[in-house]
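Inside the fold
Take a look at the letters that make up each chain.
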Amino acid sequence: VIADVQYADIPDGRSFLGVPRYYRHSITVLQRAVRSWNSHKAGVKFCVNFGDIVDGFCPKDRSLSAVQAVVAEFDRFHGGPAYHMLGNHCLYNLPRSELVSVLRMPGRAYYDFSPWPGYRFVVLDAYDFSAVGWPRDHPVAAAARRFLEERNPNSDKNSPTGLAGEDRRFVMFNGGVGEEQLRWLDGVLRDASRRGETVVVCSHLPLHPGAASPAGLMWNYEEALAVVHRHGCVAACLAGHDHKGGYAVDACGVHHRTLEAALEPAPIINSEP
């Protein structure tokens with residue numbers, strides 16, 4: 001697994017909180033990961049990229065080529081397929097329909113797969129209900145803007161200033177799982193439970209406040225978790241987005257692991273003469 005590569009061929013920068021970001025180096029981190037997966041003695045059967053394949057600061061006329069460059073690195077993984085999901089930075093750069101095609105998703109951004117008998121992986125579209133990734137006049141975008149207006153009083157909807165606790169998640173760079181997708185998730189988990197499968201849920205946005213900063217949570221994480229807990233077959237929920245990472249076990253025994261960002265490890269400088 002790898003999260004938040006956020007590659008861009010631009011100089012290094014810093015996050016809103018001042019954390020260094022190494023935009024060009026992030027593809028080197030991915031290359032190192034792929035080499036590790038390929039050298040694993042037991043054999044790695046597939047890999048999962050947890051979104052934000054490209055950074056929002058990438059010049060728009062170079063966004064597609066940046067995404068294609070990162071996809072080419074995933075293609076160097078020879079153990080099996082690479083599965084992708086959408087992150088907010090992906091949607092800042094390219095239309096949803098183009099991303100679904102370039103990232104070889106099965107016609108939409110949420111899906112499931114079974115790599116071997118007894119296990120199922122569910123990939124969520126955490127920006128199904130969102131103010132980003134849809135044309136401004138799209139009904140989903142309009143509904144999401146109304147949703148934010150009711151919960152975030154700031155003129156800059158990417159700012160959680162003045163919001164307390166888990167309400168800090170109501171910012172524009174987050175999103176939620178729509179009603180249709182929730183029904184689909186319920187059906188997939190019901191079927192997995194009937195088959196006796198163990199399930200891992202994968203989402204760009206974290207689903208549990210114990211495993212992420214409040215400002216990094218999915219808007220309707222409580223609804224998604226209610227579906228997860230309903231069927232008793234989910235062992236773990238994995239996520240990206242909150243770059244520092246996190247881990248928690250919820251009251252139903254589901255493990256929540258937020259992955260650290262590939263964007264933020266500093267380049268290794270060789271001190272040898």
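Scope of this entry: the structure provided in the associated data block. On a predicted model such as this, the values are computed, not experimentally measured, just so you know.

This paragraph deals with the sheet that holds strand E5 (residues 111-113). The strand order across the open sheet formed by six strands is E5-E6-E7-E8-E10-E9, and the pairing between neighbours is mixed. Of all strands in the sheet, those with a lone pairing partner are E5 and strand E9 (246-249), marking the two edges. Direction aside, the axes of adjacent strands within the sheet are offset by 15° on average. Here four bridges tie strand E8 (residues 234-239) to strand E10 (residues 255-258), and the two strands are oriented parallel to one another. When the sheet's bridge partners are listed, Ala236 is paired in E10 with His255. Sheet strands in contact with helix H6 (residues 179-195) are E5, strand E6 (119-123), strand E7 (198-203) and E8, and its direction is about 175° off that of E6.

What follows is about the pairing of E9. What you see with E9 is a clean split: Gly246 and Ala248 sit on the buried side and Tyr247 and Val249 on the side with no burial. In this sheet, E10 lies alongside E9 in antiparallel orientation, the contact comprising four bridges. Within the sheet, the bridge partner assigned to Gly246 lies in E10 and is Thr258. Between E9 and E10, which pair antiparallel one after the other, the connecting turn spans five residues, and Gly253 there sits at a positive phi close to 85°.

Right, let's talk about the packing of aromatic side chains for a bit. In the structure shown here, the tally under the stated rule is 14 aromatic pairs. Judged by centre distance (5.5 Å) and plane angle (85°), the rings of Phe129 and Phe147 are edge-to-face. Note that Phe129 is positioned in the loop between E6 and helix H5 (139-151) and Phe147 in helix H5, a separation of 18 residues in sequence. Note on Phe129: relative accessible area 23%, which makes it partly exposed. One Lys or Arg, Arg151, reaches over the ring of Phe147 and ends 3.7 Å from the middle of that ring. Positioned above the aromatic ring of Phe170 is the side chain of Arg151, whose terminal nitrogen or guanidinium carbon lies 5.7 Å from the ring centre.

What follows deals with the state of the cysteines. Applying the stated criterion to the full structure yields zero disulfides. You can see Cys58 has no disulfide; the closest cysteine sulfur is in Cys90, sitting 11 Å from it.

Our focus in this paragraph is unusual backbone geometry. We note that Asp52 has phi near 55°; this positive angle belongs to a residue other than glycine. Tracing the sequence through the fold places Asp52 in the loop between strand E3 (47-49) and helix H2 (63-74). Even without glycine at this site, His241 takes up a positive phi of about 75°. With respect to the secondary-structure elements, His241 resides in the loop between E8 and E9.

With that settled, consider the nonpolar core. Counting 78 residues, the largest nonpolar core has Ile53, Val122, Leu124, Val201, Leu207, Met218 and Val234 as its most contacted members. When neighbours within four sequence positions are excluded, Val201 is seen to be in contact with Val122, Leu124, Leu207, Val228, Val234, Ala236, Cys237 and Leu238. Counting residues in each nonpolar core, the second largest holds six residues, with Ala131, Phe147, Phe170 and Trp219 among its members.

Positionally, Arg230 belongs in helix H7 (residues 221-231). Note on Arg230: relative accessible area 52%, which makes it exposed. In sequence terms Arg230 and Leu189 are 41 residues apart; their C-alpha atoms lie 8.6 Å from each other.

Here the focus is a nonpolar patch on the surface. A cluster of nonpolar residues, Phe16, Leu17 and Val19, forms a patch on the protein surface that exposes about 400 Å² of accessible area. Position of Leu17 relative to the elements: it lies in the loop between strand E1 (13-14) and strand E2 (20-21). The class of Leu17 is exposed, set by a relative accessible area of 75%.

About the cut-offs
- Residues numbered from 1 in each chain as written.
- Predicted model: local features only at pLDDT ≥ 70, side-chain atom pairs only at ≥ 80, totals over all residues.
- Heavy atoms only, no water.
- Pairing = 2+ DSSP bridges.
- Helix = DSSP H or I, 4+ residues; strand = E, 2+ residues; numbered from the N terminus.
- Axes fitted to C-alpha atoms, helices over the stretch in contact; angles between N-to-C directions.
- Contact = heavy atoms within 4.5 Å.
- Buried < 20%, exposed > 50% of the residue type's maximum accessible area, 1.4 Å probe, protein only.
- Phe/Tyr/Trp six-rings, centres within 6.5 Å; stacked < 30°, edge-to-face > 60°.
- Lys NZ or Arg CZ within 6 Å of the ring centre and 35° of its normal.
- Disulfide = S-S within 2.5 Å.
- Core = buried A, V, L, I, M, F, W, Y, C linked by side-chain atoms within 4.5 Å.
- Patch = residues over 30% accessible without salt bridge, like charges linked within 9 Å, V, L, I, M, F, W, Y side chains within 5 Å.
- Areas by Shrake-Rupley, 256 points an atom, 1.4 Å probe, with all protein chains shown as cover.
- Salt bridge = Lys/Arg side-chain N within 4 Å of Asp/Glu carboxyl O.

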